[in-house]
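Chains, contacts and geometry: an overview
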Amino acid sequence: MKLIETHIVPKVNATVRIQEYDVSNFTCILTKSALKKSIKKKLVTINEKTATTAMYVSENDIIKIYAEETSVKKIFKLSIAVIFEDDDIAIINKPAGFPTNGNYFKTIENALPHNLKATIAIDALNTPKPVHRLDNPTSGILIIAKTKSAQRDLYQQFEQQEITKIYQAIVIGNTNETGKITSAVADKEALTTYETIHTVASLQNGHLSQVQLFPKTGRTHQLRIHLASIGHPIVGDQLYGKKEENYKKGLFLCATSIEFTHPKTKEKLTFSIHPPNKYAALLAREEKRFLKFRD
């Protein structure tokens, strides 16, 4: 097995079992549950003895953590636009139509080795990992961790709501200039604010509006559910949208901006993109059709 980390236990105020040891002392273990899994897989030793969950640690004990032997994953050769990359993280522009990860082959995660450079960091992940998700039909900015320490830091930033995300969508109807949506999602508190960028007349739906969205919480399908709840479903939303809306160009929802702290340099970073060309094309086409046929 490959040794990935060695840790010498500092002075401890009270005896503690290895499974309860403070994981912030490690760079390659992110959570207590991950530590327990590593122990059960016999990937942890204490003073050269294979650790069990019943063992205690004391000052000056030497804890070693080994990498699990894994089979090489098949790479999905999908080309993805890389916005930024260094040895710790990457920022990509996820194309619509692919799940971020999961028990499938054609996922964004399986395509990352095809698009990103290998890191030389000592706590490198086996393969780069997305630290958050975008729905299959949603496009846009996605943060990727290339090291375990970056992964842990970014998870903490998401949990503490220190990462700011902005989306753009085209929705059905004439939206207010600004708005706030506070309805619960899956019985959990949720908050989204929005600003209207542009509204055009539409023969089919009366109006279409391009909006900028600021989710303050991160519930599953939050933006799609929230917009549908106020009568402005996202164009192309086959799950929460209107059945009579027959645009066949996919979901018009894109993650266009993200702001966070670099997990290693601690620099505040902001990345922004424009939504796909189909957004402007749809609005222009709808406005042109309205002006042509309204009489």
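The following refers to the structure shown. Keep in mind that this is a model prediction, so the values were computed, not measured. (Residues numbered from 1 in each chain as written. Predicted model: local features only at pLDDT ≥ 70, side-chain atom pairs only at ≥ 80, totals over all residues. Heavy atoms only, no water.)

1. Examining the overall build of the protein
Each helix and strand in the protein was counted, giving five helices and 16 strands. The principal-axis extents of the C-alpha atoms in the protein amount to approximately 85 × 40 × 35 Å. Within the structure as shown, the protein displays about 16,100 Å² of accessible surface, and the carbon and sulfur contribution to it stands at 49%. Computing the positive centroid from 41 side-chain charges and the negative centroid from 30, the protein places the two 6 Å apart. (Helix = DSSP H or I, 4+ residues; strand = E, 2+ residues; numbered from the N terminus. Areas by Shrake-Rupley, 256 points an atom, 1.4 Å probe, with all protein chains shown as cover. Lys, Arg positive; Asp, Glu negative; His and termini not counted. Charge placed at Lys NZ, Arg CZ, Asp CG, Glu CD.)

2. Digging into the pattern of salt bridges
Across all of its chains, the model carries nine salt bridges by this definition. Residues Lys-32 and Glu-20 are paired through a salt bridge, measuring 3.4 Å at the closest nitrogen-oxygen approach. With Lys-32 in helix α1 (residues 32-40) and Glu-20 in the loop between β2 (16-17) and α1, this pair connects stretches of sequence that are twelve residues apart. Residue classification places Lys-32 among the partly exposed residues on the basis of a relative accessible area of 38%. Two residues, Arg-289 and Glu-286, come together in a salt bridge whose shortest N-O distance is 3.9 Å. Of this pair, Arg-289 and Glu-286 both sit in helix α5 (residues 277-293), three residues apart, roughly one helical turn. Since its relative accessible area comes to 34%, Arg-289 is described here as partly exposed. Residues joined by salt bridges that share partners form a network here, namely Asp-135, Arg-224 and Asp-237. (Salt bridge = Lys/Arg side-chain N within 4 Å of Asp/Glu carboxyl O. Buried < 20%, exposed > 50% of the residue type's maximum accessible area, 1.4 Å probe, protein only.)

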